[in-house]
Amino acid sequence: MGIKRGTTLATAAIVVVLAATACGPTDDKAADTTKPVGAAAAQDYGQAPAAADGAAGAAGAKPAGQLTAAPNDQLGQVLTDSAGLTLYRFDKDTAKPPKSNCDGDCAKTWPVVAAGDATAAAGMDPALLGEVVRTDGSKQLTVAGWPAYRYNKDAKAGDVNGQGVGGVWFAFGPDGKKAAKAEAAAPAPAEGGAAEADGKLSVAKDPKLGDHIVDGKGMTVYRFKPDTQWPMTSKCVGDCLTKWPVVAPVEKAKDKGIVEKNYTVLNRPDGQKQQSVDCWPVYTFSGDKKPGDINGQGVGGTWYAVSPDGKLITVQ
């Protein structure tokens, strides 16, 4: 396909959609009132039915040319084309075997990167570059088996407006994984055990919030409204996790006063394990400095303390 040889810097893969089949919907519905990292509209999520013409958006696809591992403050190194535009991968595609599931209107929002003239970025393994034949017969560039796309709302070099859209679109790292800073991922806790010696949850009482869940150190536990219960999904990724660390798995036997319905653990793609209450992922807030602090309550209209049955406490 004319792919030239070059050489790679691996970046750590992180984040995104976390499904657990044990969880089902309840009456507690948290509306998705904020936009994901990259701030894109709902119609950009790549989940709309494909148009009848599967080639729509694929015609006139441009090749990548010389690839670059460009630094990004949020994501670490991001794979870009010769014009500096970010390249993305789609979670609904497959890498083994390579297959694109973005056609029709999806391919208009996420233009296909044509196979042919692509040169590996400095430090990148050229064997990661390949191609896949699309349903219309055209050939699309792949990176580590994943079909590559651009985003039509990236207007200039360095834009990463497509990052995290719909929880399924992510910028490529030069290793073909999802771009992310290595330090953003916390060490995974030991299999089957709590992450910390004080790994437990309990109920505290606050004059303003009433009964609410706290962790083993007495720090307030929060939920993020854009998260979903079914499928169980965490929309807090990347830099979000620096401000809102996940609550590591806890020992149920130590917990006090928590309703343990659908008391499950999420295995996040970044290697972290996250506790959920009634299938809602839970977090603490870096702005809470001591037990009893509730500085995260109501932040952005999306972060709220959690009641013992897992529901949002929305009082301000």
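Look up a bit, the structure's there.
It should be emphasised that the depicted structure is a prediction, and the values quoted were computed from it without experimental measurement.

1. Looking at the overall build of the protein
Piece 1. A tally of helices and strands in the protein yields two helices and 21 strands.
Piece 2. In the protein, which comprises 316 residues, the proportion classed as buried is 52%.
Piece 3. Taken as a whole, the protein presents about 13600 Å² of accessible surface, with 55% of it coming from carbon and sulfur.

2. Thoughts on the environment of Val277
Piece 1. As for its placement among the helices and strands, Val277 is situated in strand β18 (residues 273–277).
Piece 2. Along the chain, Val277 and Gln229 lie 48 residues apart, while their C-alpha atoms are 9.9 Å from each other.

3. Structural notes on the packing of aromatic side chains
Piece 1. By the definition in use, this model includes 12 aromatic pairs.
Piece 2. Centre to centre, the rings of Trp110 and Trp169 are 3.8 Å apart; their planes meet at 0°, and the pair counts as stacked. You can see Trp110 sitting in the loop between α1 (105–109) and β7 (113–119) and its partner Trp169 sitting in strand β11 (residues 169–171), a full 59 residues away along the chain. For the pair Trp110 and Trp169, one class covers both residues: buried.
Piece 3. Between Phe224 and Trp303 the ring centres are 4.2 Å apart and the planes differ by 10°, which places this aromatic pair in the stacked class. Of this pair, Phe224 sits in strand β14 (residues 222–224) while Trp303 sits in strand β20 (residues 303–306), placing them 79 residues apart in sequence.
Piece 4. Take Trp303: its relative accessible area is 4%, and that puts it in the buried class.
Piece 5. In textbook terms, an aromatic cluster arises when at least three aromatic residues are bridged by ring pairs, as seen for Tyr88, Phe90, Trp110, Tyr149, Tyr151 and Trp169.

4. Considerations on the pairing of strand β2 (residues 68–72)
Piece 1. When β2 meets strand β3 (residues 76–80), the two strands line up antiparallel, connected through five bridges. Note on β3: the bridge partner recorded for Pro71 is Gln77.
Piece 2. Connecting β2 to the next strand, β3, in antiparallel fashion are three residues.

How each quantity is defined
- Residues numbered from 1 in each chain as written.
- Predicted model: local features only at pLDDT ≥ 70, side-chain atom pairs only at ≥ 80, totals over all residues.
- Heavy atoms only, no water.
- Helix = DSSP H or I, 4+ residues; strand = E, 2+ residues; numbered from the N terminus.
- Buried < 20%, exposed > 50% of the residue type's maximum accessible area, 1.4 Å probe, protein only.
- Areas by Shrake-Rupley, 256 points an atom, 1.4 Å probe, with all protein chains shown as cover.
- Phe/Tyr/Trp six-rings, centres within 6.5 Å; stacked < 30°, edge-to-face > 60°.
- Pairing = 2+ DSSP bridges.

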